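Tertiary structure, described
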Amino acid sequence: MEIADTRGNQFFGDAQRINQVLVNLLGNAVKFTEQGCVDLRVERIDDAHNRALLRFTVRDTGIGIPPDELGRLFQPFSQVDASPTRRYGGTGLGLAISQQLVGLMGGEIDVHSRPGGGSRFTFTVRVDTDTSPERHPPAAVPMPKEKEDALRGRRVLLVEDNEINLLLAVKMLARIGVETDIARDGEEALRALAARPYDLVLMDVQMPVMDGLEASRRIRADGRWPGLPVIAMTAHALLEEVSECLEAGMDDHLAKPIRGEDLARLLNHWLKPL
């Protein structure tokens with residue numbers, strides 16, 4: 001990794017969103033690079049009125065992307081179809097979310113690639129350079145201690161098949177103090193529920209083997225789990241998609257990309273005091 005031209009300044013931005021984008025881009029680069037290397041470079045390219053433009057570049061020497069696939073690379077639920085890359089799996093949702101996150105931070109994301117020649121993803125974000133306390137209050141309001149204690153030690157089943165989303169969600173849940181078990185599809189979730197009790201289920205919708213909607217219907221049809229909160233955790237955020245989740249028996253909806261404060265607020269709502 002190379003950090004260039006920061007000139008000793010502190011930068012103030014949305015660290016959680018930047019981390020999500022980097023984790024996704026670096027994870028993809030490693031997955032598609034069986035030989036060679038992956039490189040990350042961060043550089044400051046512009047300044048204006050206590051604001052800096054940072055550019056992040058993730059470069060790999062992997063298999064590359066065909067030119068006719070680049071145009072739809074950031075579309076949700078799409079995947080490069082060329083036979084050399086198909087075996088790596090993935091839905092493309094992570095790149096679509098990354099593009100949304102970068103846009104929210106006032107930047108842009110771009111990719112240059114060729115088959116057999118590796119890929120280079122770049123994205124920019126606007127960050128503050130003003131260090132005054134009044135300009136930068138604490139990033140998140142801490143939870144009241146009684147609410148934090150109410151969540152500590154509770155057990156949640158996280159049902160998710162995307163490695164990047166798993167990593168981020170588990171990290172957020174650990175910070176809250178929640179114990180987490182993982183299932184990677186609906187069938188695994190049903191087996192996990194049959195094996196031990198849980199206080200709540202965070203359920204992705206788009207999954208292989210058995211999707212989250214079918215798994216939720218089966219949970220509601222089974223008398224072993226009355227009143228178990230099942231929360232949709234998905235990028236499906238349109239009104240009709242949320243309604244479909246509720247009709248399948250889910251109790252609430254948490255839209256991706258997930259923010260830690262939203263997750264904590266939802267858990268406090270659905271997890272009743274012991």
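Notes on the structure follow.

Cut-off values and rules
For every chain, the first residue of its written sequence is number 1, and the numbers climb from 1 along that sequence. Two thresholds apply to this predicted model, a pLDDT of at least 70 for residue-level local features and 80 or more for giving and counting side-chain atom pairs, whereas whole-chain, interface and lining totals are computed over all residues. With hydrogens and water excluded, all non-hydrogen atoms of the structure serve as input to the side-chain values. Note on conventions: DSSP H or I runs of at least 4 residues are helices, E runs of at least 2 residues are strands, and numbering of each starts at the N terminus. A simple rule labels every residue: compare its accessible area, found with a 1.4 Å probe on the protein chains alone, to the largest value its type can have, and call it buried under 20%, exposed over 50%, or partly exposed in between. Residues are treated as being in contact if the distance between any of their heavy atoms lies within 4.5 Å. Each polar contact in these results corresponds to two N or O atoms within 3.5 Å; when the atoms are within protein, one needs to be able to donate a hydrogen and the other to accept it, and residues that are neighboring in sequence are counted only if both atoms are side-chain atoms. In this scheme, strands are said to pair when DSSP sees at least two bridges between them. The convention used is that axes are lines fitted to C-alpha atoms, helices contributing only their stretch in contact, and that angles between N-to-C directions extend from 0 to 180 degrees. The span expected for a helix works out to 1.5 Å for each residue beyond the first. Throughout, nonpolar core names a set of buried Ala, Val, Leu, Ile, Met, Phe, Trp, Tyr and Cys residues whose side chains join them through atoms within 4.5 Å. Any Phe, Tyr or Trp ring, taking Trp's six-membered ring, that has another such ring centre within 6.5 Å forms a pair; planes under 30 degrees apart are called stacked, those over 60 apart edge-to-face, and the others tilted. A side-chain nitrogen of Lys or Arg and a carboxyl oxygen of Asp or Glu constitute a salt bridge if their distance falls within 4 Å.

1. Some details on the overall build of the protein
- What the protein contains, in helices and strands, is 10 helices and 10 strands.
- Going through the 274 residues of the protein one by one, you find that 46% of them count as buried.
- Considering only contacts in the protein between residues 6 or more positions apart, those separated by 24 or more positions represent 64%.

2. Some thoughts on the environment of Asp60
- Mapped onto the elements, Asp60 comes out in strand 3 (residues 51-60).
- For the pair formed by Asp60 and Thr33, sequence separation is 27 residues and the distance between their alpha carbons is 6.7 Å.
- For Asp60, the contacting residues outside a window of four places in its chain are Ala29, Thr33, Cys37, Val38, Gly118 and Ser119.
- Polar contacts involving the side chain of Asp60 include one to the main-chain amide nitrogen of Gly62, which spans 2.8 Å.

3. So, the pairing of strand 2 (residues 38-48)
- Note: strand 2 against strand 3, 10 bridges, orientation antiparallel. If you follow Arg41 over to strand 3, its bridge partner there is Thr57.
- Linkage of strand 2 to strand 3, two consecutive antiparallel strands, is achieved through a turn of two residues, within which His49 is found at a positive phi near 55°.

4. What about the side chain of Asn24?
- With respect to the helices and strands, the residue Asn24 is situated in helix 1 (residues 15-31).
- In this structure, Asn24 is in contact with Gly94, Leu95, Ser98 and Ile164, ignoring residues within four places of it in sequence.

5. What about the sheet that holds strand 10 (residues 252-255)?
- Taken in spatial order, the five strands of this open sheet run 7-6-8-9-10, and their pairing is parallel. Each having just a single partner strand, strand 7 (179-183) and strand 10 make up the two edges of the open sheet. This sheet shows a mean twist of 25° between the axes of neighbouring strands, independent of strand direction.
- Bridge count between strand 9 (residues 230-234) and strand 10: four bridges; the pairing is parallel. If you follow Ala232 over to strand 10, its bridge partner there is His253.
- Contacts from helix 6 (residues 163-176) reach strand 6 (155-159), strand 7 and strand 8 (200-203), with the element oriented near 160° to strand 7.
- In this fold helix 8 (residues 212-221) packs onto strand 8 and strand 9, with an angle of close to 155° to the strand it touches most, strand 8.

6. Comments concerning helix 6
- End to end, helix 6 covers 20 Å across 14 residues, agreeing with the expected 20 Å (1.5 Å per residue, within 8%).
- Where helix 6 begins, the capping side chain belongs to Asn162, and its oxygen is found 2.9 Å from the backbone nitrogen of Asn165.
- At the C-terminal side of helix 6, Gly177 shows a positive phi close to 100°.

7. Considerations on the nonpolar core
- By size, the foremost hydrophobic cluster in this structure holds 25 residues, and its most contacted members are Leu25, Phe56, Phe121, Phe123 and Val125.
- Among the secondary structure elements, those contributing two or more residues to this core are helix 1, strand 2, strand 3, helix 4 (93-104), strand 4 (109-113) and strand 5 (119-128).
- Here this core gets five residues from one element, more than from any other, and that element is helix 1.
- For Phe121, the contacting residues outside a window of four places in its chain are Leu25, Phe56, Thr57, Val58, Ile65, Leu73, Phe74, Leu95, Asp110 and Val111.

8. What to know about the side chain of Asp185
- Looking at where Asp185 falls in the secondary structure, it is placed in the loop between strand 7 and helix 7 (186-195).
- At a separation of 2.9 Å, a polar atom in the side chain of Asp185 contacts the main-chain amide nitrogen of Glu187.
- Those residues within four positions of Asp185 in sequence are excluded, and the remaining contacts are Val159, Met207, Pro208, Val209 and Met210.

9. Things to note about the packing of aromatic side chains
- Tallied over the entire structure, the rule returns one aromatic pair.
- Ring centres 4.8 Å apart and planes at 5° place the aromatic pair Phe56 and Phe123 in the stacked group. Separated by 67 residues along the polypeptide, Phe56 in strand 3 and Phe123 in strand 5 bring together distant segments of the chain. Of the two residues, Phe56 and Phe123, both sit in the buried class.

10. Topic: the pattern of salt bridges
- According to the stated counting rule, one finds 16 salt bridges in the structure shown.
- Of the charged contacts, one joins Asp222 and Arg224 as a salt bridge, the two residues approaching to 2.8 Å between their closest N and O atoms.
- Sharing partners across several salt bridges, the network here consists of Arg155, Glu179, Asp181 and Arg196.

11. Side note on the environment of Gly27
- With respect to the helices, strands and loops of the structure, Gly27 is situated in helix 1.
- Leaving out residues up to four positions away in the same chain, Gly27 has contacts with Leu22 and Ile164.

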